Amino acid sequence: MLKIGLTGGIGSGKSTISNILKKKNFIVIDADIVARDVLRIYPEIFENIRKEFGEEFFDEKKELKRKEFGNYIFSKDDRRKKYEDMIMPFIRKRICDLIEKYQREGVEVCFLDGATIIENNLHKYMDINILVWVDSETQLHRVSKRDNLTEQQVINRVNSQMSLEDKKEFVDYIIDNSKSLDNTKREVNETLKKIGEKYRGVECLKI
Ligand code: ATP
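Summarised in this report is the structure supplied together with it. Remember, predicted model here, so these are calculated numbers, not experimental data.

**Examining the overall build of the protein chain**
Here's step 1: Each helix and strand counted, the protein chain has 9 helices and 5 strands in total.
Here's step 2: Put simply, the protein chain runs from its N terminus to its C terminus through helices and strands in the order β-α-β-α-α-α-α-β-β-α-α-α-β-α.
Here's step 3: Rg of the C-alpha trace for the protein chain: 18 Å, near the compact-globule value of 17 Å for 207 residues, within the 12% margin.
Here's step 4: Split into buried and exposed, the 207 residues of the protein chain put 45% on the buried side.
Here's step 5: Looking at the protein chain alone, contacts between residues at least 24 apart form 74% of all its contacts between residues at least 6 apart.
Here's step 6: Surface summary for the protein chain: the accessible area is close to 12,200 Å², and the carbon and sulfur share equals 47%.
Here's step 7: Each charge class in the protein chain was averaged separately, 39 positive and 37 negative side chains, and the resulting centres sit 2 Å apart.

**With respect to the state of the cysteines**
By definition, a disulfide links the sulfur atoms of two cysteine residues through a covalent bond.
Here's step 1: The full count for this structure, using the stated rule, is 0 disulfides.
Here's step 2: Free of any disulfide, Cys 96 has its nearest cysteine sulfur in Cys 110, 11 Å distant.
Here's step 3: Cys 110 supplies the cysteine sulfur nearest to Cys 204, a cysteine that is in no disulfide, at a spacing of 11 Å.

**Notes on the environment of Asn 177**
Here's step 1: Looking at the secondary structure, you find Asn 177 in the loop between β5 (173-176) and α9 (181-198).
Here's step 2: For the pair formed by Asn 177 and Glu 187, sequence separation is 10 residues and the distance between their alpha carbons is 8.4 Å.
Here's step 3: Discounting chain neighbours no more than four positions away, the residues touching Asn 177 are Ser 12, Gly 13, Val 132, Trp 133, Val 134, Arg 142 and Thr 184.

**Observations regarding the nonpolar core**
Here's step 1: Of all hydrophobic cores here, the largest spans 31 residues; its most connected members are Ile 29, Val 38, Ile 45, Ile 49, Phe 69, Tyr 83 and Leu 112.
Here's step 2: Listed by contribution, the elements that provide at least two residues to this core are α2 (31-41), α3 (44-53), α4 (66-74), α5 (77-104) and β3 (109-113).
Here's step 3: Considering every element that reaches this core, the biggest residue donor is α5, with 10 residues.
Here's step 4: With 20 residues, the next largest nonpolar core counts Leu 21, Val 28, Val 132 and Val 188 among its residues.

**Some remarks on the pairing of β3**
Here's step 1: Most of β3 sits out of view: 5 of its 5 residues are buried.
Here's step 2: Sheet analysis places strand β1 (residues 2-7) next to β3, joined by 5 bridges and oriented parallel. Bridge pairing in β3 places Gly 5 opposite Leu 112.
Here's step 3: Note that strand β2 (residues 27-30) and β3 share 4 bridges and pair parallel. Looking across to β3, one finds that Ile 27 is bridged to Cys 110.

**So, the site of the ligand**
Here's step 1: Neighbouring the ligand are 15 residues; Gly 13, Lys 14, Ser 15, Thr 16 and Arg 146 lie closest to it.
Here's step 2: In the model, an oxygen atom of the ligand is placed 3.0 Å from a nitrogen or oxygen of the Gly 11 main chain.
Here's step 3: Compared with its free state, where it exposes 630 Å², the ligand has 72% of that area covered by protein.
Here's step 4: Among the secondary structure elements, those contributing two or more residues to the shell around the ligand are α1 (14-23), α6 (136-147) and α9.
Here's step 5: Among the elements that line the shell around the ligand, the one with the most residues is α1, at 3 residues.
Here's step 6: Looking at the shell around the ligand, its residues break down into 2 nonpolar, 9 polar and 4 charged.

**Some details on α5**
Here's step 1: End to end, α5 covers 39 Å across 28 residues, agreeing with the expected 40 Å (1.5 Å per residue, within 8%).
Here's step 2: At Ile 87, α5 shows its maximal bend, which comes to roughly 40 degrees, and the proline Pro 89 appears one to four places after that position.
Here's step 3: Those residues of α5 that fall on the buried side of the exposure criterion are Tyr 83, Met 86, Ile 87, Met 88, Phe 90, Ile 91, Ile 95, Leu 98, Ile 99 and Tyr 102.
Here's step 4: For α5, the elements touching its buried residues are β1, β2, α2, α3, α4 and β3.
Here's step 5: Positive backbone phi, at 85 degrees, marks Gly 106, one or two positions downstream of α5.

Calculation criteria
Residues numbered from 1 in each chain as written. Predicted model: local features only at pLDDT ≥ 70, side-chain atom pairs only at ≥ 80, totals over all residues. Heavy atoms only, no water. Helix = DSSP H or I, 4+ residues; strand = E, 2+ residues; numbered from the N terminus. Rg over C-alpha atoms; globule rule 2.2 N^0.38 Å. Buried < 20%, exposed > 50% of the residue type's maximum accessible area, 1.4 Å probe, protein only. Contact = heavy atoms within 4.5 Å. Areas by Shrake-Rupley, 256 points an atom, 1.4 Å probe, with all protein chains shown as cover. Lys, Arg positive; Asp, Glu negative; His and termini not counted. Charge placed at Lys NZ, Arg CZ, Asp CG, Glu CD. Disulfide = S-S within 2.5 Å. Core = buried A, V, L, I, M, F, W, Y, C linked by side-chain atoms within 4.5 Å. Pairing = 2+ DSSP bridges. Near = heavy atom within 4 Å. Polar contact = N/O pair within 3.5 Å; in protein donor to acceptor, adjacent residues only side chain to side chain. Nonpolar A, V, L, I, M, F, W, Y, C, P; charged D, E, K, R; others polar. Expected span 1.5 Å × (residues − 1). Bend = angle between axes of the 7 residues up to and from the residue.

And the structure:
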């Protein structure tokens, strides 16, 4: 099975492109969904949260106060980092399990959509990596509109991530999502065609 990483930055268009791929019947693992699912799949994460961050984030029913905890960890970089370091092995395991499941089912191509594939070294586990690129001005405009944030708030979020320019050197293909949706669909098709030419045995990439 061909494993393809689809990465980018905040609002660069990963979900938009994942939706284009899903419409073409490709399997896409969404790392954001995995990050939520692991809390349900591995209850020991709650034990780790209790140990690392304290009892105060649990209510009388011993359930995590998700909103309070979320506000706490995302209010400071070092807290977020500590949480990410703790949860990442579970996310990695779940992604590997899903990939193995699809492999067993005979799926030919599986995409992984994740904003921090490169930061978490998951790109090395992929056969191919694609960067969804967008120019800074368009990114700023789209994210502030989508998330109802000020330009400065978007700039802070963009600056907390590895830049799209730095990510370019880790990937095999770049899809420019700065222009119209139709243009992006064309770029997706062209990229799939190029991958199909490289991996000639993959039936679903044959046009
Ligand atoms: P995040 O990682 O922050 O969830 P993302 O990389 O998945 O973001 P999207 O949600 O796909 O990015 O796109 C960000 C916003 O830009 C969305 O509101 C989306 O509808 C819009 N958008 C994406 N691509 C285009 C395009 N080519 N033309 C116009 N708007 C677009």
